Amino acid sequence: MRKIHKTDGNNQMMNRYLTVEIISILVVLTFTLSGCSLPIRQSAVPQQLTEKAEVVGMPGVRYVVRAEMPGFTRDAMESYYREQAYRAQQSQVGALPPANFLALSGGGDNGAFGSGLLSGWTATGNRPEFKGVTGISTGALIAPFAFLGPKYDIPLKELFTHSKPKDILKARYFVAALFNDAMADDAPLARLLKKHVTEDMLKEIAREDAKGRLLMIATTNLDANQAVIWNMGKIAASGHPRALELFHKIMLASAAIPGTFPPVMIDVEANGQRYQEMHVDGGARAQVFLYPPAIKVAELSKQHGIVRERRLYLIRNARLDPDWAEVERRTLSIASRAVHSLIQTQGVGDLYKIYAQTQRDGIDFNLAFIPRSFNAPHKEEFDTEYMRQLFQTGYDLAVKGYLWEKTPPGL
């Protein structure tokens, strides 16, 4: 057996000290580079209270998607009565006009397609006013502009053709993966929303809500792992002093890609206690939505004697054909490609689900998506030149008279 000398013990001790010092230096360096301490939050809503949680000061402005949704049904019917009251004020008589709905999907900078399609649709002169508009992720950023109509085409175009990556996010140091809540800061996007989504815009949305129109945006409550639909018109019409702040937060949350953008913390209360919910991209639950499957529009209409034509225009801000790419044999490349495939598959599944709803409820189905022929280079996320070309593609297709697909792909 080898004899252990005193000097060996001293060397081992010295190595331990050096290891501890190096680790300490790395930890200090990590916190210095990250620029702040670990993110903190208030307590999450306890599981048994999740169904009772309401936004502080603004109860009833959202719906948790589940098997039964009486709140959503009630508000949908109230929107019909507001529409009837408005028609009476305008001395409009006779049959109800067709109800047109617009559903805008997620897709990151591919939202330029939907923006261009809407602007080109305006140019044709036959773009309808939508009874309801829904949005998820990038679709949530488009939704308020689309809801208010052609007069907001210019700021919508600016958002998707003039923005640069630095206008959307600010990259953090690589150590953010361990010591922060996202790899990028969304402060630039927050500033962009504050520039375009103003108090005046909120007042306009409130006026349209009073006419019986609906604007809905979806987020994901990450604590409860539930989809949440926010009634943005109801928030705008609430008159609450912090309505605009909540409006901005929801738009940010719906576009908060987990891991890339920070989650948005929403203050809520349940049983008299204050809590915080963590909300992220609505795309974590679905890529696009019309209304919860639990809501059977045809049955409701029959019960209340409502007779009208209904049409859905669904814009999928993505391609539906498989996009080929040579994947590097690297962990992150493989994982990223697999997630991309999962999102695309989920998006197609959402189209089938919505198509089934429209067939059940007698709604005319119309689908638009990025064409297979579009192959502009995509150098980075929120690539300005890529978005400009995609916007123009959507615009040109609409001006020529877009041929809406009547079924999901492959059906």
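Here the structure is shown first, and the text comes after it.
Residues numbered from 1 in each chain as written. Predicted model: local features only at pLDDT ≥ 70, side-chain atom pairs only at ≥ 80, totals over all residues. Heavy atoms only, no water.

We now examine the overall build of the protein chain. Along the backbone of the protein chain there are 14 helices and twelve strands. Based on the C-alpha atoms only, the size of the protein chain along its principal axes is roughly 105 × 55 × 40 Å. The proportion of buried residues among the 411 residues of the protein chain is 48%. Residue pairs in contact within the protein chain that sit at least 24 positions apart in sequence constitute 77% of those at least 6 positions apart. About 21300 Å² of surface is accessible on the protein chain, with carbon and sulfur atoms providing 56% of the total. Across the protein chain, the 48 positively charged side chains and the 42 negatively charged ones have centroids separated by 2 Å. (Helix = DSSP H or I, 4+ residues; strand = E, 2+ residues; numbered from the N terminus. Buried < 20%, exposed > 50% of the residue type's maximum accessible area, 1.4 Å probe, protein only. Contact = heavy atoms within 4.5 Å. Areas by Shrake-Rupley, 256 points an atom, 1.4 Å probe, with all protein chains shown as cover. Lys, Arg positive; Asp, Glu negative; His and termini not counted. Charge placed at Lys NZ, Arg CZ, Asp CG, Glu CD.)

In terms of residue burial, strand β11 (residues 310-319) counts as a mostly covered element, since eight of its ten residues are buried. Of the pairings in the sheet, the one linking β11 to strand β12 (residues 364-370) comprises seven bridges and is parallel in character. Within β12, the position partnered with Tyr 313 by the bridge is Asn 366. Traced from β11 through helix α13 (residues 331-361) to β12, the parallel crossover comes out right-handed. (Pairing = 2+ DSSP bridges. Right-handed = clockwise from strand over helix to strand, strands pointing away.)

Let us look at the environment of Glu 381. Mapped onto the elements, Glu 381 comes out in the loop between β12 and α14 (384-399). With 271 residues separating them in the primary sequence, Glu 381 and Asn 110 have C-alpha atoms 9.6 Å apart. Beyond its immediate stretch of four places on either side in the chain, Glu 381 contacts Asp 109 and Pro 165.

For the α-helix, the turn length of 3.6 residues means that residues three or four positions removed from each other point alike. In this model helix α2 (residues 70-89) runs 29 Å from its N-terminal to its C-terminal C-alpha over 20 residues, within 8% of the 28 Å that 1.5 Å per residue would give. As for α2, its buried residues are in contact with β2 (62-64), β7 (214-221), β8 (226-231) and α10 (232-237). One or two positions beyond α2, positive phi appears at Ser 91, with a value near 60 degrees. (Expected span 1.5 Å × (residues − 1).)

Okay, the packing of helix α4 (residues 138-148) against helix α11 (residues 243-254) next. Closest axis-to-axis distance for the α4/α11 pair is 6 Å, and the angle between their directions is 140 degrees. Comparing the axis directions of α4 and α11 gives the class oblique. Residues Ala 140, Leu 141 and Pro 144 of α4 lie in contact with α11, whose contacting residues are Phe 247, Met 251 and Ser 254. Along the lines of polarity and charge, the residues of the contact of α4 with α11 split into five nonpolar, one polar and no charged. (Axes fitted to C-alpha atoms, helices over the stretch in contact; angles between N-to-C directions. Parallel < 35°, antiparallel > 145°, perpendicular 65-115°, else oblique. Nonpolar A, V, L, I, M, F, W, Y, C, P; charged D, E, K, R; others polar.)

One can describe the packing of helix α3 (residues 111-124) onto α14 by two numbers: an axis separation of 7 Å at closest approach and a directional angle of 35 degrees. Seen from above, α3 lies across α14 with right-handed handedness. Of α14, the residues touching α3 (which contributes Ala 112, Phe 113, Ser 115, Gly 116, Leu 117, Ser 119, Gly 120, Trp 121, Ala 123 and Thr 124) are Met 387, Leu 390, Phe 391, Gly 394, Tyr 395, Leu 397, Ala 398 and Val 399. For the contact of α3 with α14, the residue count by class is twelve nonpolar, six polar and no charged. (Left-handed = near helix turned anticlockwise from the far one by under 90°.)

By themselves, these are just geometric observations and shouldn't be taken as functional.
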